[in-house]
Structure formats: structure tokens, C-alpha cells
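# Notes for the structure review
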Amino acid sequence: MTKILVTGAVGQIGTELVQALRTRYERDDVVAAGHRTKPTQDFINSGPFVYLNVLDRKQLAEAVADNKIDTIYHMASVLSAVGELNPQLCYEVNTGGLYNILEIARKHKLERVMLASSIAVFGVGVPRDRAPNDAVLLPTTMYGVTKVSGELLARYYFSKFGVDVRSVRLPGIISSETLPGGGTTDYAVEMYYAAVEGRSYTCFVREETALPMMYMADAIKALIELAQVEGSRLTRRVYNVNSMSFSAGELARSIRRVVPDFTCEYKPDYRQAIADSWPISLDDSPARQDWNWRPDYDLDKMTAEMIERLRTRLT
Ligand code: AKB
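Structure report, in brief.

Criteria and thresholds
- Residues numbered from 1 in each chain as written.
- Predicted model: local features only at pLDDT ≥ 70, side-chain atom pairs only at ≥ 80, totals over all residues.
- Heavy atoms only, no water.
- Helix = DSSP H or I, 4+ residues; strand = E, 2+ residues; numbered from the N terminus.
- Rg over C-alpha atoms; globule rule 2.2 N^0.38 Å.
- Buried < 20%, exposed > 50% of the residue type's maximum accessible area, 1.4 Å probe, protein only.
- Contact = heavy atoms within 4.5 Å.
- Areas by Shrake-Rupley, 256 points an atom, 1.4 Å probe, with all protein chains shown as cover.
- Lys, Arg positive; Asp, Glu negative; His and termini not counted.
- Charge placed at Lys NZ, Arg CZ, Asp CG, Glu CD.
- Near = heavy atom within 4 Å.
- Polar contact = N/O pair within 3.5 Å; in protein donor to acceptor, adjacent residues only side chain to side chain.
- Nonpolar A, V, L, I, M, F, W, Y, C, P; charged D, E, K, R; others polar.
- Patch = residues over 30% accessible without salt bridge, like charges linked within 9 Å, V, L, I, M, F, W, Y side chains within 5 Å.
- Salt bridge = Lys/Arg side-chain N within 4 Å of Asp/Glu carboxyl O.
- Axes fitted to C-alpha atoms, helices over the stretch in contact; angles between N-to-C directions.
- Parallel < 35°, antiparallel > 145°, perpendicular 65-115°, else oblique.
- Left-handed = near helix turned anticlockwise from the far one by under 90°.
- Core = buried A, V, L, I, M, F, W, Y, C linked by side-chain atoms within 4.5 Å.
- 1 Å grid on protein atoms, 1.4 Å probe; cavity = no way out; pocket = protein on both sides within 12 Å on 5 of 7 lines; lining within 4 Å.
- Points joined across faces, edges and corners; volume = space filled by probe spheres on them.
- Pairing = 2+ DSSP bridges.

### Remarks on the overall build of the chain
Looking only at helices and strands, the chain features 12 helices and 12 strands. In terms of overall size, the chain behaves like a compact globule, its C-alpha atoms giving a radius of gyration of 19 Å where 315 residues would be expected to give roughly 20 Å. Taking all 315 residues of the chain together, the buried fraction comes to 57%. Residue pairs in contact within the chain that sit at least 24 positions apart in sequence constitute 79% of those at least 6 positions apart. Split by element, the accessible area of the chain, about 13,500 Å² in all, is 50% carbon and sulfur. In the chain, which carries 37 positive and 39 negative side-chain charges, the distance between the mean positions of the two groups comes to 4 Å.

### Side note on the site of the ligand
Inspection of the region around the ligand gives Leu79, Ser80, Ser118, Ile119, Tyr143, Gly183, Thr184, Thr185 and Trp278 as its neighbouring residues. In the environment of the ligand, an oxygen atom lies 2.6 Å from a nitrogen or oxygen atom belonging to the side chain of Ser118. Interatomic distance of 2.7 Å between a backbone N/O atom of Thr184 and an oxygen atom of the ligand. Protein burial of the ligand: of its 250 Å² of free accessible surface, 93% is covered by the chains. Taken together, the residues that form the shell around the ligand break down as four nonpolar, five polar and no charged.

### Here's the deal with the environment of Asp28
Within the element layout of this structure, Asp28 appears in the loop between helix H1 (12-24) and strand S2 (30-34). Residue classification places Asp28 among the partly exposed positions, given a relative accessible area of 47%. Residues Asp28 and Phe122, spaced 94 residues apart in sequence, show a C-alpha to C-alpha distance of 38 Å. Filtering out sequence-adjacent residues up to four positions away, Asp28 remains in contact with Lys3 and Pro48. One polar contact links Asp28 to Arg27, side chain to side chain, over a distance of 3.3 Å.

### With respect to a nonpolar patch on the surface
On the surface, Val124, Val136 and Leu138 cluster together into a nonpolar patch covering about 280 Å² of accessible area. Relative to the elements of secondary structure, Val124 occurs in the loop between strand S5 (112-118) and helix H6 (142-161). By relative accessible area, which is 52% here, Val124 ends up exposed.

### Describing the environment of Ser176
The topology assignment puts Ser176 in the loop between strand S7 (172-174) and helix H7 (186-196). Using a relative accessible area of 2% as the deciding quantity, one classes Ser176 as buried. It is 19 Å that separates the C-alpha atoms of Ser176 and Leu211, two residues lying 35 residues apart in sequence. Those residues within four positions of Ser176 in sequence are excluded, and the remaining contacts are Glu16, Tyr193, Met306, Arg309, Leu310 and Arg313. Side chain to side chain, Ser176 and Glu177 meet in a polar contact 3.1 Å long.

### Focus: the packing of helix H5 (residues 87-107) against H6
Closest axis-to-axis distance for the H5/H6 pair is 9 Å, and the angle between their directions is 15°. On the basis of the axis angle, H5 is roughly parallel to H6. H5 and H6 meet at a crossing whose hand is right-handed. Along the contact surface, H5 presents Pro87, Cys90, Tyr91, Asn94, Thr95, Leu98, Tyr99, Leu102, Glu103 and Arg106, while H6 presents Met142, Tyr143, Thr146, Ser149, Gly150, Leu153, Ala154, Tyr157 and Phe161.

### Remarks on the nonpolar core
Ranked by internal contacts, the top residues of the largest apolar core, which has 47 residues, are Tyr187, Met191, Tyr192, Phe262 and Met302. Examining the composition of this core, we find that nine residues originate from one element, H7, more than from any other. Beyond its immediate sequence surroundings of up to four residues, Tyr187 is in contact with Tyr201, Cys203, Phe204, Val205, Thr209, Leu211, Met213 and Ala248. Residues Val18, Leu21, Ala116 and Ala227 belong to the second largest nonpolar core, which totals 35 residues.

### Observations concerning the layout of surface pockets
Of the voids in this model, the second largest pocket is the one considered here, and its volume is about 460 Å³. Lining the second largest pocket are 20 residues, with Thr15, Glu16, Gln19, Glu177 and Thr178 positioned closest to its centre. Among the secondary structure elements, those contributing two or more residues to the lining of the second largest pocket are H1, helix H2 (41-45), helix H8 (216-228) and helix H12 (299-314). Classifying every residue of the lining of the second largest pocket gives seven nonpolar, six polar and seven charged.

### Quick look at the sheet that holds strand S11 (residues 244-247)
Strands sit in the order S7-S9-S11 across an open sheet of three strands; the sheet is mixed. Each of the sheet's edge strands pairs with one partner strand only, and the pair in question is S7 and S11. Going from strand to strand, the sheet's axes swing by 45° on average, the running direction of each strand aside. In this sheet, S11 lies alongside strand S9 (residues 210-215) in antiparallel orientation, the contact comprising four bridges. Residue pairing across strands places Ala210 opposite Ser247, the latter belonging to S11. Sheet contacts for H7: S7 and S9; angle to S7, the most-contacted strand, approximately 20°. Lying over the sheet, H8 contacts S7 and S9, oriented at roughly 75° with respect to S9.

Put into C-alpha cells, the structure is as follows:
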């Protein structure tokens, strides 16, 4: 029987991941763990919830032992933009939190640990188009530094202690249920909210800035599929997953095809430099070969679904 703990469960990915896991497994076998952000009453009512700071080893050990956890999806993380404003916090939460998760997994002989790495691991000297899975990783942000060290720790804990840690390098994730908090790719989500709420949007990157993006349904699919694949099929611990790439201007045009009145202006701030340090697309052929990774959404399919869902929820 699988008993799962999801950290960062009140965050952008966590909220939808928890619901997806609860439709796949027994509701009570998926324990949501949150820390700073208060969950809604609906979320608390939807299944087991624990308050848990991943920096608190004792709390973490108790949550794992009390709930007989065998699998952790570790989603708690400080994202890139907040990380550049507060690099110390970013280091502490991302590196300290992951270390605690891996140590718990080792001590309690957990079956699986799933990690969200990021396109932020890439930096200087990597081709920006189809950035390879196995590349020199020289990020320019603290967030990227913590994600590289997370990937290295994943490899180390696997080879040294046999902890089955698996990770995907997620691009910007676009979703309709919970807003992202403090990422560089947040403009893409914010643009949809503005369009549905009838507001104009001021985008914090240039119109021509293009980044890899993914719809939440595909991100969840990637995490769950990688968790479930037979270990002998995996050639590595960390996989690029690519879905779509578009510029901020192309996104605004896609939205305008559904919301013709939508307007957007561009006023780049400090996040432009972060975006410029990341690739435009990823080569995800290892994921496609090893575990048959395929995304389901393209830009216009995502736009249609995002706008429909946001209209239902917000208007
Ligand atoms: C961020 O922008 O920080 C995240 C990411 C790409 O990892 N969305």
C-alpha cells in the first residue's frame, strides 16, 4: 500500500497534485503538509492535513512515522524571484528542507522521493534552444543553485544509500486553481487572471521573452508517471520535461483570441535578467525514451481551458 506525504501542499503545484493523487489512491493515504500558507476549509475537509515545517526534523519524522508514509512528493520551495530578493531564505528552505527530506527517506527506508527541480538549473554556457538533459549547470540565481544542489543530492542519496529519488526539471507552470508565489514565470499565470477579470496587465518581462512553459495537468502527469515507472527503465535520476515555449507577446495574442479586449504592456524589472539566464526550450528525449513522457497540451488548448476554468471560478 502506498502512503504519500506531499510537502508544499498549499502551494501552486501541491494543491492540484494532492487532489490528483487522491483520485488515484485512497483519499486518506495522501497526507497534505503545509506550513506558511493557510489552507482553505475545503482543502482541509478534502483529506488528511498536517502543519509541517520541512526545516523541523522532529516534525517531519513524526509526520512520516505517525502516518506510515512510504513516498514523499517534496514540493515545498522558495521560487526564483523571491529567492533573488532573499537568497539566504531560499538557501535555507530549499537546501535545508531537501536535506531533511532525504535524511528521513534514508532513515525510514522510504520507497520513493519525488522532487520538483527546475529549468533554473541551467545558466551560463548552455544552448538556449533544446537545452540538453546532461549539461554543465552554472545557474546565476540562488534558486538555481539550490536546485542544482538538490539534483546532486538526489544522485548521491540514490547511489550511496539506495534512496529512490526521482526528479523532473519543471518549466514555468500555468494553472487556474492556486496562484504561484514568487516565481519568474508567474507573469504567464497572472496574464490569464487579468484577462478573465477584465483588467489590463503590466508584464514584468519584455514582449519577446520566450521561456519553456507547461500546463498543470501535464506537470502532474509527469510527476506521477515518473513516480510509477519501473526503476529498471530509468537511466538517470533527473529528467528534462518539455511541453511548449512561447514569448510573453505570443501568450497575450493567444489570450486575445478568446478575450479580444485584453490588453498588455511590458515593463521589465529585475526578473528580466533571471528569465534571460534560462533556456527557451529543453531537449527531453531521455524522458521520452525512458518513460514515454508526452505532454497533452499546446498553447491554444491550454488557453481555452485556463479561461474556461477561471471564468467558472472567478466570475
Ligand atoms: C520560477 O519561475 O521560479 C519557477 C520555475 C521555473 O522553477 N516557476
